[in-house]
Amino acid sequence: MLNLCSNNTPMKKIIVLVLPVLAGIVLNAKDLKLSENNIPETVKALTLEEKAMLVVGFKVEKVSGAAGATCPIPRLGIPSITLADGPAGLRINPTRDGDEQTYYCTGFPIGMMMASTWNRDVVGKVGQAMGNEVLEYGVDVLLAPGANIHRNSMCGRNFEYYSEDPLLAGRTAAAFISGVQSQGVGTCIKHFALNNQETNRLICNSIVSDRAMSEIYLRVFEIAVKESQPWTVMTSYNCINGIQAAENKWLISDKLRGDWGFEGCVMTDWGGGYRAEKIISSGNDMIQPGGQYWCDEIVRAVRDGRLDEKDLDACVGRVLELIVKTPTFKGYKYSDKPDLASHALVGREAAEEGTVLLKRTALPYAEGTGVALFGVGSYDFVAGGTGSGDVHRPYIIDLRDALSQGGFKLDGAVDEYYSEFMKLEAVRCRNIDTEAGLNLWFLEKERPLEALNRELVENAAKRAQTAVITLTRVSGESKDRLAATSFYLSSGEMDLIDCVAEAFHSEGKTVTVLLNVCGAVETASWKDKVDDILICYLPGQDGSRAVADILCGRVNPSGRLPLTLPIRWEDEPSSRNFPQILADKAANYSFYRNFYDGVVRNDVKNIDYTLYEEDIFVGYRYHSSVGQEVSYPFGYGLSYTDFEWSEPATRKVAGGWEVSVKVKNIGSREGKDVVEIYLAHPADEEYLPAEGRPALELKGYAKTGTLGCRETETVKIFIPEWICDAAQGGKLPKGYCFTALRSAGSHFSSKKICDSSNL
Ligand code: BGC
């Protein structure tokens, strides 16, 4: 996203840059043109300058709005390939100068919502649709998915990431990567690794134990790499135990390539890394967005002996291996006309599958129900987050429109009141600078404040049959959320809930709250006041249509939380070690201020360095181990129908265990259930953060297909030994057992499956 090229190099300038190099070459390989069979020869035929150019990004404006590109070397038939963001859809400019055509891309649900589907088929379909847009708009590599663990719910980019659990996140990432890559284009899993906060993200030092890295923070990448081989990986900006990620040989060469068998290419985040020789010798193949400085620096480093040319050759070889796979290299004639209409349906299906029913009393409503629609979010629905993870989508359907198109009758007076109010708020918001006078595109814009007119609410309660209140939260790259204002509800929001609940309940009517949010919000203090609660995250351009279908029962919700909703933000195990600085102070530690300059600072806690003191006890691993009550647990989600399970059976199979459960729909509507298998820790063992094991760890899961009434499906789940860290020599220690957690219907319960002594 950052453009570090001093000369915003268009194609002409590249030619100017390339030609002098060409002039000086002895053309010992005159006819050599790059092919997938001659990569070593091509590396040999390159000059030192050309090699440097290949591992450094160049700004080539082939696709307007793409984040980066590689440098072409025409004499050897090496084209420039194009890289573009990001997880919720392809991010390119929607319009181009002097061109009447538009280049919008589908705005899919955010990453967190993908994980909330617990459905790898649906995630794969989104990947295919997104990959098709990448292909048809002439891009080669999509800079997605984002896979960092939700260490703390206030991380500003959690919405792009999947989960607090490495298995769910890793499997979701793998399904997405396979889907995108099935279209013949590449992915870039990011940000590798431990990029769990945005405050001072360019230089903060994440201090973490080997165990937490291996079982939590690296495990997610390990699963994704082993299961799907992304074409590329993006290193993060932050330092890890004192070494910057892009300069981290242990991370890139030993772990990623050595231990996990990653076969692709590694690139920096935009502006990440500092010492060219360290970046290249660590195996970080490409420096993005690059620029002439980096080319010169690499050449200098080889000439003065700081960098071994063999290390540079290895990186160049991997960049060429990437290039030969791309549609650009293969001469694919892209159409610039992907089928946006059919992709919109794929996004809508994912939003249906990812929405979680948290509380159910009255839902679903009959078609034609009269709804009074409250909350500014109902009229200014949020489809996605901000920053490089945002998408230029063709439209966003507001909830108001989705409900009226979906057959609900909206209360006219409430609708009119909000329409007027939103006009005033739009003017107020436009006049507020986002941060310290800097109206930067990647910062979130001021949101409308909550409105409350008691008389209007009381009158509406007499007319409408029910009320829906939408609450919203947005976040994005470069800033973390502040718990005081982003986790906790504002007094305006609380007053709105109180007033609507009181008025509608006194008329014998119900209230539904819809959480249109980028992550966790406080629910414990008000959930008893309302009848139904849905969380639909930031569900993409058509997400409100999915919500309308769920409200009226055309769709039965089947999402499960990929995160914990704690009672208080302070209950999260990392909250003592997570930055919470006010906006005016944050300006000193923001995205655009401090680039890594080779110095690891240890001055200010949670800013210069962050201690991962909670170790592996992240999210539910902590809450379940210390018996701390939460508002809604990880894995939770209700349904409009009920399911019955057979006694689950477990057997030892090669390389792991297989758990099978027969699921039967015993309710009166068709629906889907999720089987979640956890490895449970013996209850009597003490909780020891330093060496203990968590009470619960997700080890496998599966979602059923749509089950009609009385229909059954036998779900079989393979649990590989290698992800069971407690296993020794292929066996679980005494007392450990697999436990199935079920959350459909109207309850959340567990079933102990087996004692490890039989296995
Ligand atoms: C972000 C990356 C993104 C890149 C290119 C960086 O600021 O951290 O996620 O891919 O910009 O836009």
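Computed from a predicted structure; not experimentally measured.

Trainee: Can you lay out the overall build of the protein for me, pointing to particular residues and giving the numbers?
Mentor: Looking only at helices and strands, one finds 21 helices and 26 strands in the protein. The burial tally for the protein puts 64% of its 759 residues in the buried class. Taking contacts inside the protein between residues at least 6 apart in sequence as the whole, the part at least 24 apart equals 79%. Roughly 26,400 Å² of accessible area belongs to the protein as shown, and the carbon and sulfur atoms make up 49% of that amount.

Trainee: With reference to specific residues and values, describe the packing of aromatic side chains.
Mentor: To describe a pair of aromatic rings, you give the distance between the ring centres and the angle between the ring planes. Overall, the coordinates contain 17 aromatic pairs when judged by the stated rule. Between the aromatic rings of Y632 and Y636, the centroid separation amounts to 5.2 Å while the plane-to-plane angle is 40°, which identifies the pairing as tilted. Each member of the pair, Y632 as well as Y636, carries the same accessibility label: buried. Within the aromatic cluster, the residues linked to one another by ring pairs are F374, Y379, Y417, Y418, F421 and F504. A cation over a ring is seen here: R96 above Y103, with NZ or CZ 3.5 Å from the ring centre. Note that R151 overlies the ring of Y612, its terminal NZ or CZ placed 4.1 Å from the centroid.

Trainee: Describe unusual backbone geometry, listing the residues and the values that go with them.
Mentor: Along the chain, F192 connects to A193 via a cis peptide bond; the corresponding omega equals 10°. Residue placement: A193 occurs in the loop between strand 4 (186-192) and strand 5 (205-207). Residue L363 is joined to P364 through a cis peptide bond whose omega torsion reads 0°. Residues other than glycine seldom take positive phi values, yet L194 does so here, at roughly 60°. Its place among the elements puts L194 in the loop between strand 4 and strand 5. On the accessibility criterion, L194 (1% relative accessible area) is buried. Of note, N241 is a non-glycine position whose phi angle comes to about 45°, a positive value. By the secondary structure assignment, N241 is in the loop between strand 7 (239-240) and strand 8 (243-244).

Trainee: Which residues make up the packing of helix 15 (residues 412-430) against helix 16 (residues 454-463), and what values do they have?
Mentor: Packed helices, taken two at a time, are described by their axes: the angle between them and the distance between them. Packing of helix 15 against helix 16 brings their axes to within 9 Å, and their N-to-C directions diverge by 150°. The orientation of helix 15 with respect to helix 16, classified from their angle, is roughly antiparallel. Between helix 15 and helix 16, the residues in contact are A413, V414 and Y417 and L456, A460 and R463, respectively.

Trainee: Lay out the sheet that holds strand 6 (residues 232-235) in plain terms, naming residues and giving numbers.
Mentor: Sheet strands pair by backbone hydrogen bonding; their relative direction is either parallel or antiparallel. The six strands are arranged 1-2-3-4-6-9 in an open sheet whose pairing can be described as mixed. Every other strand in the sheet has two partners, leaving strand 1 (68-69) and strand 9 (265-267) as the edge strands with one partner each. Looking at chain direction, strand 3 (residues 141-142) and strand 4 are connected through two bridges and run parallel. By the bridge assignment for strand 4, L142 is matched with T187.

Trainee: For the packing of helix 5 (residues 120-136) against helix 6 (residues 166-181), give the residues involved together with the corresponding values.
Mentor: For the pair helix 5 and helix 6, interaxial distance at closest approach is 6 Å and the crossing angle is 40°. Here helix 5 lies oblique to helix 6, going by the angle between them. Crossing hand, helix 5 versus helix 6: right-handed. Listed contacts from helix 6 to R120, V123, G124, G127, Q128, M130 and G131 of helix 5 are R171, T172, A175, F176, G179 and V180. Within the contact of helix 5 with helix 6, the residues separate by chemical class into five nonpolar, six polar and two charged.

Trainee: Outline the confidence of the model for the protein, listing residues and values.
Mentor: Scored by pLDDT, the protein has a mean of 91; 89% of the residues are at 70 or more. Counting contacts from residues 1-27, a segment whose pLDDT is below 50, to residues more than four positions away or on other chains yields 49 contacts.

Trainee: Explain the state of the cysteines to me, and be specific about the residues and the numbers.
Mentor: A disulfide bridge is the covalent bond that connects two cysteines by way of their sulfur atoms. The full count for this structure, using the stated rule, is zero disulfides. Unpaired in terms of disulfides, C265 finds its nearest cysteine sulfur in C315, a separation of 8.1 Å.

Trainee: Can you break down helix 11 (residues 292-303) residue by residue, with the values?
Mentor: With 12 residues, helix 11 ought to run about 16 Å at 1.5 Å a step, and its terminal C-alpha atoms sit 17 Å apart, in line with that. Buried within helix 11 we find W294, C295, E297, I298, V299, A301 and V302. Contacts from the buried residues of helix 11 go to helix 3 (48-54), helix 10 (276-281) and helix 12 (309-325). Just downstream of helix 11 lies G305, where phi reads positive at about 85°.

Trainee: An account of the sheet that holds strand 17 (residues 609-611) is requested, with residue identities and associated values reported.
Mentor: Read across the open sheet, the four strands follow the order 8-7-5-17; overall the sheet is mixed. Strands with a single pairing partner mark the edges of an open sheet, and in this sheet they are strand 8 and strand 17. Here three bridges tie strand 5 to strand 17, and the two strands are oriented parallel to one another. By the bridge assignment for strand 17, N205 is matched with Y609.

Trainee: I'd like a description of the pairing of strand 14 (residues 510-516), backed by residues and values.
Mentor: A large share of strand 14 lies buried, amounting to seven of its seven residues. Sheet analysis places strand 13 (residues 466-472) next to strand 14, joined by seven bridges and oriented parallel. Looking at strand 14, one finds that L471 is bridged to L515. Note: strand 14 against strand 15 (residues 532-535), four bridges, orientation parallel. If you follow V513 over to strand 15, its bridge partner there is I533.

What counts and how
- Residues numbered from 1 in each chain as written.
- Predicted model: local features only at pLDDT ≥ 70, side-chain atom pairs only at ≥ 80, totals over all residues.
- Heavy atoms only, no water.
- Helix = DSSP H or I, 4+ residues; strand = E, 2+ residues; numbered from the N terminus.
- Buried < 20%, exposed > 50% of the residue type's maximum accessible area, 1.4 Å probe, protein only.
- Contact = heavy atoms within 4.5 Å.
- Areas by Shrake-Rupley, 256 points an atom, 1.4 Å probe, with all protein chains shown as cover.
- Phe/Tyr/Trp six-rings, centres within 6.5 Å; stacked < 30°, edge-to-face > 60°.
- Lys NZ or Arg CZ within 6 Å of the ring centre and 35° of its normal.
- Axes fitted to C-alpha atoms, helices over the stretch in contact; angles between N-to-C directions.
- Parallel < 35°, antiparallel > 145°, perpendicular 65-115°, else oblique.
- Pairing = 2+ DSSP bridges.
- Left-handed = near helix turned anticlockwise from the far one by under 90°.
- Nonpolar A, V, L, I, M, F, W, Y, C, P; charged D, E, K, R; others polar.
- pLDDT = per-residue confidence, 0-100.
- Disulfide = S-S within 2.5 Å.
- Expected span 1.5 Å × (residues − 1).

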